[in-house]
Amino acid sequence: MKVQFETNIFPLFDPKAVDDLKDPCPVFDGKLWHMYGSSGTVRSETWSILHATSPDLYGPWTEHQPIVLPVQGSGVAAPGVIFEDGVFHMFIQTEFMKSGGRCEHAVSNDGFHWVVLQPAFSALPGTDEDGIYDPHPALIAGKRYIVYSAMPPFSKVPQPDVYLARSKSDSWFGPWERMGKILDHNDLPHHNPRDHPDYEWGIEGAQLVELPDGRVLLNATCFLPDGPRGTRQRVFFAVADHVEGPYRSVGPVLDPGEPGENGHSTVLIHDGELTLFYQSRRVLTNHRWRYGIAKCRLQEPEVTLAKVA
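Residues numbered from 1 in each chain as written. Predicted model: local features only at pLDDT ≥ 70, side-chain atom pairs only at ≥ 80, totals over all residues. Heavy atoms only, no water.

A. Geometry of the pattern of salt bridges. Across all of its chains, the model carries 21 salt bridges by this definition. A salt bridge links aspartate 14 to arginine 290; its shortest N-O distance comes to 2.8 Å. One end of the pair, aspartate 14, is in the loop between β1 (7-9) and β2 (20-28); the other, arginine 290, is in strand β21 (residues 290-297), with 276 residues separating them in the sequence. Aspartate 14 gets classed as exposed once you look at its relative accessible area, which sits at 51%. Here aspartate 198 makes a salt bridge to arginine 232, at a shortest N to O gap of 3.2 Å. (Salt bridge = Lys/Arg side-chain N within 4 Å of Asp/Glu carboxyl O. Helix = DSSP H or I, 4+ residues; strand = E, 2+ residues; numbered from the N terminus. Buried < 20%, exposed > 50% of the residue type's maximum accessible area, 1.4 Å probe, protein only.)

What follows is the structure in structure tokens.
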């Protein structure tokens, strides 16, 4: 796998009435692109569920009313959505800055109107999954998975790692079997270690994608060990032969090109092309979070790290 982005468009669009756009998850229903994500502000960490549509991934995007789910929690945001057999399946967090939380499951026939089902799974108090967030569904080798971040109890800053759950029914309705941790802080030399004097955050925003050769790509967000805050968040890729790992990181894949950072993203692979739909904040956007889209051809077998502005 060789990653060298050939195009990179940023910002993709500006929101109508909020400061920030985060956690992009584009989904195609066969006719229309749907963009799900988090819209709100990092000033107060207040978020709604973004929904926008477009006939083309590059826009123009039409924002719709935020999706409101009858779900309780202080951090209902960061939806991971997949479309299969005419049904949208949304898996969404309820918390992200504190212990607890559930991975809620909602379904829709049109992408606009949603019905909330039973939670897929919940945090396990007092364990390494004392808090859970950022769930994202994945279809790998015909099996259905949810990858998510989980952290043990903490006193100052959450230190999440990446975990995996597998559907025991081979459907998006579960029940879900926890498979444990698949990526740890110690696996990433480009991530701030737990004992870093200016530790910022853990590994989050994970997504799994099956590569054309059958390997598994893990796309997630790390925090660099060096640099001032506001410049250390990066999208990185890791690759494994099996969905449960072990994963070998190829490092951060996108340089902001100016003071700023990038993070939580979704990868789409089609006809030998990799499209990265990511969030970033830079001088260009007055350091407000916006969406960008970068694209490249996949080339085998070499794995290289591309730095693209």
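B. Quick look at the sheet that holds strand β17 (residues 233-240). Reading across from one edge, β15-β16-β17-β18 is the order of the four strands in this open sheet, with antiparallel pairing throughout. A strand with exactly one partner marks an edge of an open sheet, and here the two such strands are β15 (204-210) and β18 (248-252). Taking each pair of neighbouring strands and ignoring which way they run, the sheet shows an average axis angle of 25°. (Pairing = 2+ DSSP bridges. Axes fitted to C-alpha atoms, helices over the stretch in contact; angles between N-to-C directions.)

C. Looking closely at the sheet that holds strand β12 (residues 143-151). One open sheet accounts for four strands, arranged β11-β12-β13-β14; its pairing is antiparallel. Edge positions in the sheet fall to β11 (131-140) and β14 (176-183), since each has one partner strand and no second. Taking the axes of each pair of neighbouring strands and ignoring which way they run, one obtains an average angle of 25° across the sheet. Both strand β13 (residues 161-167) and β14 contribute to a ladder of six bridges, which runs antiparallel. Pairing of arginine 166 across the sheet is with glutamate 177, part of β14.

D. Looking closely at the nonpolar core. Core analysis: the largest hydrophobic core is formed by 22 residues, its most contacted members being Val162, Leu183, Leu208, Leu218, Phe236, Val243 and Tyr247. Of all the secondary structure elements, the ones that give two or more residues to this core are β11, β12, β13, β14, β15, β16 (216-223) and β17. Ranked by residue count, the leading element in this core is β16, at four residues. Apart from residues no more than four positions distant in its own chain, leucine 218 is found in contact with Val162, Ile182, Leu183, Gln207, Leu208, Phe236, Phe237, Ala238 and Tyr247. Core analysis: the next-biggest nonpolar cluster, separate from the first, contains 19 residues, Val235, Val267, Tyr278 and Leu298 among them. (Core = buried A, V, L, I, M, F, W, Y, C linked by side-chain atoms within 4.5 Å. Contact = heavy atoms within 4.5 Å.)

E. Region of the structure containing the side chain of aspartate 20. Here aspartate 20 lies in strand β2. At 2.7 Å, the side chain of aspartate 20 and the side chain of arginine 288 are in polar contact. A polar contact is formed between the side chain of aspartate 20 and the backbone nitrogen of tryptophan 289, at a distance of 2.8 Å. (Polar contact = N/O pair within 3.5 Å; in protein donor to acceptor, adjacent residues only side chain to side chain.)

F. Structural detail: the environment of glycine 111. By the element assignment, glycine 111 lies in the loop between β8 (102-108) and β9 (115-116). By relative accessible area, which is 0% here, glycine 111 ends up buried. Along the primary structure glycine 111 and phenylalanine 83 are separated by 28 residues, whereas in three dimensions their C-alpha atoms are 9.1 Å apart. Sequence-distant contacts of glycine 111, that is, excluding residues within four places in its chain, are made with His34, Tyr36, His51, Ile67 and Phe88.

G. Quick look at the pairing of strand β20 (residues 273-282). For β20, a buried count of nine out of ten residues is recorded, marking the element as mostly surrounded by other parts of the structure. In this sheet, β20 lies alongside strand β19 (residues 260-270) in antiparallel orientation, the contact comprising ten bridges. Bridge assignment links asparagine 262 to a residue of β20, and that residue is serine 280. Count of turn residues in the β19/β20 antiparallel hairpin: two residues, of which aspartate 271 carries a positive phi of about 50°. Pairing analysis gives eight bridges linking β20 to β21, with the strands arranged antiparallel. Its bridge partner lying in β21, glutamine 279 is registered against tyrosine 291.

H. Main features of the packing of aromatic side chains. All chains considered together, the criterion is met by 15 aromatic pairs. Note on phenylalanine 13 and tyrosine 291: the rings are 6.1 Å apart at their centroids and 80° apart in plane angle, and the pair reads as edge-to-face. With phenylalanine 13 in the loop between β1 and β2 and tyrosine 291 in strand β21, the pair connects residues that are 278 residues apart, well separated along the chain. Here the two residues phenylalanine 13 and tyrosine 291 agree in accessibility, since each one is buried. (Phe/Tyr/Trp six-rings, centres within 6.5 Å; stacked < 30°, edge-to-face > 60°.)

I. Looking closely at unusual backbone geometry. Between glycine 59 and the following residue, proline 60, the backbone shows a cis peptide bond with an omega angle of 5°. Its place among the elements puts proline 60 in the loop between β4 (46-54) and β5 (62-63). The residue after glycine 174, namely proline 175, is reached through a cis peptide bond having omega 5°. Note on placement: proline 175 falls in the loop between β13 and β14. Here the phi dihedral of aspartate 271 falls at roughly 50°; this positive angle occurs in a residue that is not glycine. Mapped onto the fold, aspartate 271 is located in the loop between β19 and β20. In this structure aspartate 271 comes out as exposed when scored by relative accessible area, which is 60%. Positive phi values are uncommon outside glycine, yet histidine 287 reaches one of about 60°. Tracing the backbone through its elements, the reader meets histidine 287 in the loop between β20 and β21. By relative accessible area, histidine 287 is classed as partly exposed at 34%.

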